[in-house]
Amino acid sequence: MARKSLVGEVADELLDRIIAGEFPPDSSVPGELELSARHDVSRMTVREAVKTLAAQNILRVEQGRGTFVNPLNRWSSLHAVLRATSEGTSGDDAAVQLVELRRMLETGACELAARRISDADLDALDGFVDDMREASLRSDLEAYVAADLAFHDVILHASENAFVAVLFEPLRRVLAERRSQTSAVPLIQEHAIAMHAAVAEALHRRDPVAARAAMDAHMQQTMDDLRTYVLKEQ
């Protein structure tokens, strides 16, 4: 494996510090002199590292003022956003935003799937709902999450829209981690099983409007449960 460049090393460590919360949104990062001394590199190397993060909208350079951290929702690097979501201190915000993203994409995918889904896929959906019920009764969180993810994968692929599957693929690890977090609550499992069954029923009827509404209700329930039982918002 090729050795990472000095510019890459400096940029990566600065990103690590941002993700860890050392430099929260809108705070300034250390100047070139401090960073060059910390990493024992030239100021030119530091300048290029900052340019790398600025090109991804992680940092913004304000002439005469300094270099500042942008809020996560302005970052343009999916890799960096996924790192922040998995490892960072802004996990609560990221969890909410992930459900928001799922709601935007999965409701539309479900509507498309209602017109295109095969009988075999419908049977698979029913099987995964049964697997979720059985795993919940056994308190088998790993099996429950696997069945939950597989249920949604069937719908995404049944939409027959290649872009949907491509967009979700990089999120797979984060989705699994978040499902494990939320699904550890038995009441959330109970709600989710009922919602999955309702989505499957709408797809069995091949009713696009009902399918979209059922998935939207599922996403709303997911958000409500996340806020109530995981984030414990009042």
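Residues numbered from 1 in each chain as written. Predicted model: local features only at pLDDT ≥ 70, side-chain atom pairs only at ≥ 80, totals over all residues. Heavy atoms only, no water.

By the naming in an unreviewed UniProt entry, the protein chain is GntR family transcriptional regulator, taken from Sinomonas cyclohexanicum.

A short note on the pairing of strand β1 (residues 59–62)
One ladder, built from four bridges, connects β1 with strand β2 (residues 66–69); its direction is antiparallel. Bridge assignment links E62 to a residue of β2, and that residue is G66. Linkage of β1 to β2, two consecutive antiparallel strands, is achieved through a turn of three residues, within which G64 is found at a positive phi near 80 degrees. (Pairing = 2+ DSSP bridges. Helix = DSSP H or I, 4+ residues; strand = E, 2+ residues; numbered from the N terminus.)

Considering the nonpolar core
Of all hydrophobic cores here, the largest spans 37 residues; its most connected members are C110, L125, Y144, F151, I155, V199 and L203. Residue assignment for this core shows that the elements contributing at least two residues are α5 (91–116), α6 (119–138), α7 (141–158), α8 (162–168), α9 (172–182), α10 (186–204) and α11 (208–230). Residues contacting Y144, with those up to four places away along its chain left out, are M132, A135, S136, S183, I188, Q189, A192 and I193. (Core = buried A, V, L, I, M, F, W, Y, C linked by side-chain atoms within 4.5 Å. Buried < 20%, exposed > 50% of the residue type's maximum accessible area, 1.4 Å probe, protein only. Contact = heavy atoms within 4.5 Å.)

Focus on the environment of L6
Residue position: L6 is located in helix α1 (residues 6–19). Here L6 falls in the partly exposed class, since its relative accessible area comes to 42%. With 40 residues separating them along the chain, L6 and V46 place their C-alpha atoms 8.8 Å apart. With residues up to four places along the chain from it excluded, the contact list for L6 reads V41 and T45.

Topic: the pattern of salt bridges
Any two side chains of opposite charge can pair, so long as their charged atoms come close to each other. By the definition in use, this model includes 21 salt bridges. One salt bridge in this structure joins R38 and E13, with 2.6 Å as the shortest N-O distance. Here the residue R38 occupies a position in helix α2 (residues 32–39), and E13 occupies one in helix α1, the gap between them amounting to 25 residues. The salt bridge partner of R172 is E169, with a shortest N-O separation of 3.2 Å. Each of D26, R60, E62 and R65 takes part in a single network of salt bridges with overlapping partners. (Salt bridge = Lys/Arg side-chain N within 4 Å of Asp/Glu carboxyl O.)

Structural notes on the packing of α1 against helix α3 (residues 43–55)
Between α1 and α3, the least distance of the axes is 8 Å, while the angle of their chain directions is 60 degrees. Relative to α3, the element α1 lies oblique. Between α1 and α3 lies a crossing whose hand is right-handed. Taking contact as the criterion, the partners of L6, V7, V10, A11, L14 and L15 in α1 are, on α3, T45, E48, A49, T52 and L53. Here the contact of α1 with α3 is built from residues that sort into eight nonpolar, two polar and one charged. (Axes fitted to C-alpha atoms, helices over the stretch in contact; angles between N-to-C directions. Parallel < 35°, antiparallel > 145°, perpendicular 65-115°, else oblique. Left-handed = near helix turned anticlockwise from the far one by under 90°. Nonpolar A, V, L, I, M, F, W, Y, C, P; charged D, E, K, R; others polar.)

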